[in-house]
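Each chain is listed here by its residues.
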Amino acid sequence: MPLEILSVGLLGILLLGIFVPYWLKTKDLKKISSKNLPSDGHWAQLSKGNIYYRWHHPEQKNGQTIVMVHGFSTPSFVWNGLLDGLLNKGYSILVYDHYGRGFSERPRTKYSLDFYVETLKELISHQNIDEKVHLVGYSMGGPIIGGFADKYSDQVKSSSFIAPAGFGKVQTSIPFFMKIPGVIEWVMHVLADRFYGSAISSETAHSNDPLSINEEKFQQLFSFQMQFKGFRESLASTMRNFNLFDAREMFEKVAAKNIPSIAIWGDNDGVVSYKGAETYSEIFQEGKVITIEGGTHDITYRQPSDVLEAIKIFLDPQIS
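Within each chain, residue numbers correspond to sequence positions counted from 1 in written order. For a predicted model such as this one, the threshold for reporting local features is a pLDDT of at least 70, and the threshold for listing and counting side-chain atom pairs is 80 or more; totals across whole chains, interfaces and linings nevertheless cover every residue. Hydrogens and water molecules were not included; the side-chain quantities draw on all heavy atoms of the structure.

### Notes on the sheet that holds strand S4 (residues 92-96)
Then, number 1: The strand order across the open sheet formed by 8 strands is S1-S2-S4-S3-S5-S6-S7-S8, and the pairing between neighbours is mixed. If you trace the sheet from one side to the other, it starts and ends with strand S1 (42-46) and strand S8 (288-292), each paired once. Mean inter-strand twist for the sheet, computed between neighbouring axes without regard to direction, equals 25°. A pair of strands is treated as paired once DSSP finds two or more bridges between them. Each helix is a run of DSSP H or I of at least 4 residues and each strand a run of E of at least 2, with the numbering of both proceeding from the N terminus. Helix axes are fitted to C-alpha atoms over the stretch in contact, other axes to C-alpha atoms as well, and angles between N-to-C directions run from 0 to 180 degrees.

Right, dumping it as structure tokens:
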């Protein structure tokens, strides 16, 4: 009996050691609401909840629309340095935050590639966009716009992939124990400082690009979303249900549809290897790779001038 009591006591201590730190880290998190929205954006009520979007309209429209799809954890502010240059060319631009990120709601669901693709489809329908659109996808946004082009090619005029995930030739997966519901979430909350040590900081701490987001501003914008319930859970579900490493089979189907495309990549990308550019060229034989010399994974907001120039050169011949 004493041994049994000791075992139960040790189990209780272990459970407390697991539960208490998690409770302390999550007890003050808030549920995001419409009151948290900035004045320059809106919620679209879609099938899984409200998603944040914002339109940017040029003074003189060229009749074409760009939809920008951000990556894994950093919401739509990553596009800020690109907007004015594209607006000056006459494009109407729609940006949005994925479910779970930024100003969007955080539904408890399976965050799979299909989930993100169908959300994009719903948003485009909600906004009554009837013409073909130019899609721009950054990091995880790469396979999302690829998946959209695969299913809804009749709605896509071009695809611009920026440091895109999914072009790896080696399948990488998370450890089996991390696939158990709750494990990744616990790690992300309890070990948040360690987990976000690299994710919340950019690869490059400083940029001379006048359009870049400085590190202090970046951390302020990124950290805002972390005060709301469901942010880390959306990341965890994505890690379990979205193959971010190898989407070659899907990309091959997209390439067969002959939609104009371009890949913009930093040759010093420490998150999505620049070696993926070779795979992109093998699959999209009519596509072109623009290399940002010395560019890391954060080129969208650290070297936006270079990225902007590449996108403008690519899109200009398609204005008709």
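Once you've had a look at it, read on.
### Quick look at the packing of helix H2 (residues 80-87) against helix H12 (residues 304-315)
Then, number 1: At a closest axis distance of 9 Å, the pairing of H2 and H12 adopts a crossing angle of 35°. The handedness of the crossing between H2 and H12 comes out as right-handed. Along its contact with H2, which presents Gly 81, Leu 82, Gly 85 and Leu 86, the element H12 presents Pro 304, Val 307, Leu 308, Ile 311 and Lys 312.
Then, number 2: Any residue that is not Ala, Val, Leu, Ile, Met, Phe, Trp, Tyr, Cys, Pro, Asp, Glu, Lys or Arg is counted as polar, Gly included; the first ten are nonpolar and the last four charged. For the contact of H2 with H12, the residue count by class is 6 nonpolar, 2 polar and 1 charged. By convention the crossing between two helices is left-handed if the near helix lies anticlockwise of the far one by an angle smaller than a right angle, and right-handed if it lies clockwise. Note on contacts: a residue pair qualifies if any of its non-hydrogen atoms lie within 4.5 Å across the two residues.

### Digging into the pairing of strand S2 (residues 49-56)
Across a regular strand the side chains alternate sides, sitting on one face of the sheet and then on the other.
Then, number 1: Each residue is placed in one exposure class: buried if its accessible area under a 1.4 Å probe, protein chains only, is under 20% of its type's maximum, exposed if it is over 50%, and partly exposed if it falls in between. Burial of S2 is extensive: 6 of the 8 residues sit out of reach of the surface.
Then, number 2: Judged from the 5 bridges that link them, S1 and S2 form a sheet pairing that is antiparallel. Looking at S2, one finds that Leu 46 is bridged to Gly 49.
Then, number 3: Between the antiparallel neighbours S1 and S2 lie 2 residues.
Then, number 4: In this structure, S2 lies alongside S4, joined through 4 bridges in antiparallel fashion. Pairing of His 56 across the sheet is with Ile 93, part of S4.

### Focus on the pairing of S4
Then, number 1: With 5 of its 5 residues buried, S4 lies for the most part within the structure.
Then, number 2: The side-chain alternation of S4 yields two buried faces, one formed by Ser 92, Leu 94 and Tyr 96 and the other by Ile 93 and Val 95.
Then, number 3: In this sheet, S4 lies alongside strand S3 (residues 65-69) in parallel orientation, the contact comprising 4 bridges. Along S4, the bridge assignment pairs Thr 65 with Ser 92.
Then, number 4: We call a crossover right-handed when, viewed with both strands directed away from the observer, the connection leading from the first strand over the helix to the second proceeds clockwise. Between the parallel pair S3 and S4, the chain is carried across by H2, and the sense of this crossover is right-handed.

### A look at helix H3 (residues 113-126)
Then, number 1: The span you would expect from a helix comes to 1.5 Å times its residue count less one. For H3, built from 14 residues, the straight-helix expectation of 20 Å at 1.5 Å per residue is met to within 8% by its first-to-last C-alpha distance of 20 Å.
Then, number 2: One or two positions beyond H3, positive phi appears at Asn 128, with a value near 55°.

### Remarks on the environment of Ile 213
Then, number 1: Its place among the elements puts Ile 213 in the loop between helix H6 (192-199) and helix H7 (215-224).
Then, number 2: The class for Ile 213 is buried, based on a relative accessible area of 9%.
Then, number 3: Sequence separation between Ile 213 and Phe 77 is 136 residues, and the spatial gap between their C-alpha atoms is 9.2 Å.
Then, number 4: The residues contacting Ile 213, other than those within four sequence positions of it, are Phe 77, Phe 218, Leu 221, Tyr 301 and Arg 302.

### Let's talk about helix H9 (residues 248-255)
Then, number 1: Met 250, Phe 251, Val 254 and Ala 255 are the residues of H9 that are buried. For H9, the angular spread of the buried residues around the axis is 140°, confining them to a single face.
Then, number 2: Close packing links the buried residues of H9 with H3, helix H4 (141-151), strand S6 (156-162) and helix H10 (276-283). Directions pointing from the helix axis toward each C-beta atom define the arc.

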